[in-house]
Amino acid sequence: MSAALTRFRVVAWVVGSFLLLLTVGILLRYTDLFGFRTDVLSRTVSPIHGFGYMVYLATGIDLASRRRWRPLTTLGVLLAGTVPFLSFWAERRVTADVRAELTRRDAAAAGTSTGTAA
């Protein structure tokens, strides 16, 4: 499960970063916020984010199936890749949760192996 978590973490950061770039690109495309308008950034970053989001969905589903998440938990984590900054928050939350579970699992395994040897 540690490898699945690592894959999810990397992809969540990449998708989150490209989503922030896409948000800036959309602002540059539809507003005069920064003093000029251009669609180059949004046209360039949009397909990259779209592909990355597909990979995010795959890694999220992989992690969810390994952890046996409830459907609403899975859906919430998967949708986090569509809202700026939310994928970073979801990644931190999922990482803390998975690490806590791995720690509990290791402690239980250590207690079982110690109890068996006695």
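Below: a short report on this structure. (Residues numbered from 1 in each chain as written. Predicted model: local features only at pLDDT ≥ 70, side-chain atom pairs only at ≥ 80, totals over all residues. Heavy atoms only, no water.)

Moving on, we get to the overall build of the protein. Across its full length, the protein holds four helices and zero strands. Mapped from its N terminus to its C terminus, the protein presents α and β elements in the order α-α-α-α. Scaling as 2.2 N^0.38, a compact globule of 118 residues should have a C-alpha radius of gyration of about 13 Å, whereas the protein reaches 19 Å, well beyond that. Dimensions of the protein along its principal axes, counting C-alpha atoms only, are 75 × 20 × 20 Å. Look at the contacts in the protein between residues 6 or more apart in sequence, and 68% of them connect residues 24 or more apart. Carbon together with sulfur atoms contributes 68% to the accessible area of the protein, which is approximately 7,400 Å² in total. Between the averaged position of the 14 positive side-chain charges in the protein and that of its 7 negative side-chain charges there is a distance of 3 Å. (Helix = DSSP H or I, 4+ residues; strand = E, 2+ residues; numbered from the N terminus. Rg over C-alpha atoms; globule rule 2.2 N^0.38 Å. Contact = heavy atoms within 4.5 Å. Areas by Shrake-Rupley, 256 points an atom, 1.4 Å probe, with all protein chains shown as cover. Lys, Arg positive; Asp, Glu negative; His and termini not counted. Charge placed at Lys NZ, Arg CZ, Asp CG, Glu CD.)

Where helix α1 (residues 2-30) contacts helix α2 (residues 40-67), the axes come no closer than 8 Å and their chain directions differ by 155 degrees. Overall, the two elements α1 and α2 adopt an arrangement that is roughly antiparallel. Note that α1 runs across α2; the crossing there is left-handed. For the contact of α1 with α2, the per-class residue count stands at 20 nonpolar, seven polar and five charged. (Axes fitted to C-alpha atoms, helices over the stretch in contact; angles between N-to-C directions. Parallel < 35°, antiparallel > 145°, perpendicular 65-115°, else oblique. Left-handed = near helix turned anticlockwise from the far one by under 90°. Nonpolar A, V, L, I, M, F, W, Y, C, P; charged D, E, K, R; others polar.)

Looking now at the pattern of salt bridges. Enumeration over the complete set of coordinates arrives at nine salt bridges. Across the pair R43 and D39 runs a salt bridge whose closest N-O atoms are separated by 3.5 Å. Accessibility expressed as a relative area gives 52% for R43, which makes it exposed. The shortest N-O distance in the salt bridge between E101 and R67 comes to 2.5 Å. Of this pair, E101 sits in helix α4 (residues 86-117) while R67 sits in helix α2, and the two are 34 residues apart along the sequence. Here E101 falls in the buried class, since its relative accessible area comes to 14%. Residues joined by salt bridges that share partners form a network here, namely R67, D97, E101 and R105. (Salt bridge = Lys/Arg side-chain N within 4 Å of Asp/Glu carboxyl O. Buried < 20%, exposed > 50% of the residue type's maximum accessible area, 1.4 Å probe, protein only.)

The next subject is the nonpolar core. One finds F8, Y56, L63, W69, V77 and V94 to be the most contacted residues of the largest nonpolar core, which totals 16 residues. Elements with a contribution of two residues or more to this core: α1, α2 and α4. The leading source of residues in this core is α1, at six residues. (Core = buried A, V, L, I, M, F, W, Y, C linked by side-chain atoms within 4.5 Å.)

Between the first and last C-alpha of α2 there are 40 Å, a value that for 28 residues agrees with the 40 Å anticipated at 1.5 Å per step. At S46, α2 shows its largest bend, some 25 degrees, and a proline, P47, comes one to four positions later. Of all the positions in α2, only S42, V45, H49, G52, Y53, Y56, T59, G60, L63, A64 and R67 are classed as buried. R68 lies just past α2 and shows a positive phi near 60 degrees. (Expected span 1.5 Å × (residues − 1). Bend = angle between axes of the 7 residues up to and from the residue.)

As a further point, take unusual backbone geometry. Leaving glycine out, the prevailing phi sign among residues is negative, and the prevailing peptide bond configuration is trans. Look at R68: it is not a glycine, yet its phi comes out positive at around 60 degrees. Looking at the secondary structure, you find R68 in the loop between α2 and α3 (71-79). Not every positive phi belongs to a glycine, and F85 is a case in point at roughly 75 degrees. A relative accessible area of 57% means that F85 is categorised as exposed.

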